[in-house]
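# Structural overview
Each chain, letter by letter, is given below.
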Amino acid sequence: MIVAITNQKGGVGKTTTAVNLAAGLAQKGLKTLLVDIDPQANSTMSNTDLRQVDDNMFDVLTGRVPLEDIIVPGKQENLWLAPSRIAMAKLEVSMVGELDGPYRLKDHLDTLGDEYQAIVIDTPPTLGLTTVNALVAATHVIIPIQASYFALEGTDDLLDTIDKIKARPNTELRVLGVLITMFDRRTILARQVSEEIHGVFGDLVFDTYVTKSVRLEESPAHQCSIFEHAPSSSGAYEYSRLCEEVLERVGN
């Protein structure tokens, strides 16, 4: 199971989902690798001290070091991290015109064999070559969508990109589900947006909603997942439920 967490819009809970899905799967006993290919490196900062990160995914994807050499333990049992740094922002330029450009991440993940039971990829908020690498390497995609006015803006472009990837480089790619994030049940707008998202995606929408939560917003500042920061919070419960849904859908 290789799950890319993807949305070209920023601020939709993509990294929060990547960090907590990986942590939740690890908590459920799966040996899990979190791969951070976002230049902002927020998934990395949630799992390790960025000052101690030297070689990272930029070095891997430019052929300087093997993937296995940069993997470090995450902050809990069964969790490992392939870290990112701001240097990842230079990756797209280095891959332009390269025939193997879209396949680099897949090629490196293939070298790991069956070492990990689950791999979660945190992608940048763009539809460039870096995100394409994640979609080519993944078996599944999760699309987080914020319950806000412009929620569905740009999703046509994302779905078109996924369809193009499925047509040739990765015919096995499957949209595992759409995750509604930052949901506020008290507002009419959030409920209307939820209905609109269900109208577009139907059964692809996860039953689990991630509601607005102070604890979820705090956890990155404490450099840990919601399960470590506030294990009794609504956010921990929701991401635990999401993990169960993910495992059920992957098994079907």
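First things first, this report covers the structure right here in the doc. Keep in mind the model is a prediction, meaning the values are calculated, not measured.

### A word on the overall build of the protein chain
Per the secondary structure count, the protein chain includes 11 helices and 7 strands. For 252 residues, the compact-globule estimate of 2.2 N^0.38 gives 18 Å, and the protein chain sits close to it at 17 Å. Projected onto the principal axes, the alpha-carbon positions of the protein chain cover approximately 50 × 40 × 35 Å. Expressed as a percentage of its 252 residues, the buried residues of the protein chain come to 55%.

### A look at the packing of helix α6 (residues 129-137) against helix α7 (residues 155-167)
Across the interface, α6 lies against α7 with an axial gap of 10 Å and an inter-helix angle of 50°. In terms of orientation, α6 and α7 fall into the oblique class. Judged by the sense of rotation from one axis to the other, the crossing of α6 with α7 is right-handed. Where α6 approaches α7, its residues Val132, Leu135 and Val136 are matched on the opposing element by Thr161, Ile162 and Ile165. The class makeup of the residues in the contact of α6 with α7 is 5 nonpolar, 1 polar and no charged.

### Here's the deal with the pairing of strand β7 (residues 174-181)
Across the 8 residues of β7, 7 count as buried, placing the element largely inside the fold. Sheet analysis places strand β6 (residues 140-146) next to β7, joined by 7 bridges and oriented parallel. Following the sheet pairing, Ile145 is matched in β7 by Ile180.

### Quick word on the packing of aromatic side chains
Using the criterion set out here, one finds 3 aromatic pairs in the structure. Between Trp80 and Tyr116 the ring centres are 6.0 Å apart and the planes differ by 65°, which places this aromatic pair in the edge-to-face class. Here the residue Trp80 occupies a position in strand β4 (residues 79-82), and Tyr116 occupies one in the loop between α5 (104-110) and β5 (118-122), the gap between them amounting to 36 residues. With a relative accessible area of 25%, Trp80 lands in the partly exposed category.

### With respect to the pairing of strand β1 (residues 2-5)
Both faces of β1 are covered, namely the face carrying Ile2 and Ala4 and the face carrying Val3 and Ile5. Relative to β5, β1 is paired through 4 bridges, and the arrangement is parallel. What sits directly across from Ile5, in β5, is Asp122.

### Some remarks on the side chain of Glu238
Along the chain, the position of Glu238 falls in helix α11 (residues 234-251). No salt bridge is formed by the buried Glu238; the nearest opposite charge belongs to Arg185, separated by 5.1 Å. Setting aside residues up to four positions removed in sequence, Glu238 forms contacts with Thr208, Tyr209, Val210 and Thr211.

### As for unusual backbone geometry
Backbone geometry places Ala41, a non-glycine residue, at a positive phi of 60°. Counting through the fold element by element, Ala41 comes out in the loop between β2 (32-36) and α2 (42-45). For Ala41, a relative accessible area of 1% translates into the label buried. Although it is not a glycine, Met182 adopts a positive phi angle of roughly 55°. Residue position: Met182 is located in the loop between β7 and α8 (188-201).

Rules used in this analysis
- Residues numbered from 1 in each chain as written.
- Predicted model: local features only at pLDDT ≥ 70, side-chain atom pairs only at ≥ 80, totals over all residues.
- Heavy atoms only, no water.
- Helix = DSSP H or I, 4+ residues; strand = E, 2+ residues; numbered from the N terminus.
- Rg over C-alpha atoms; globule rule 2.2 N^0.38 Å.
- Buried < 20%, exposed > 50% of the residue type's maximum accessible area, 1.4 Å probe, protein only.
- Axes fitted to C-alpha atoms, helices over the stretch in contact; angles between N-to-C directions.
- Parallel < 35°, antiparallel > 145°, perpendicular 65-115°, else oblique.
- Left-handed = near helix turned anticlockwise from the far one by under 90°.
- Contact = heavy atoms within 4.5 Å.
- Nonpolar A, V, L, I, M, F, W, Y, C, P; charged D, E, K, R; others polar.
- Pairing = 2+ DSSP bridges.
- Phe/Tyr/Trp six-rings, centres within 6.5 Å; stacked < 30°, edge-to-face > 60°.
- Lys, Arg positive; Asp, Glu negative; His and termini not counted.
- Salt bridge = Lys/Arg side-chain N within 4 Å of Asp/Glu carboxyl O.

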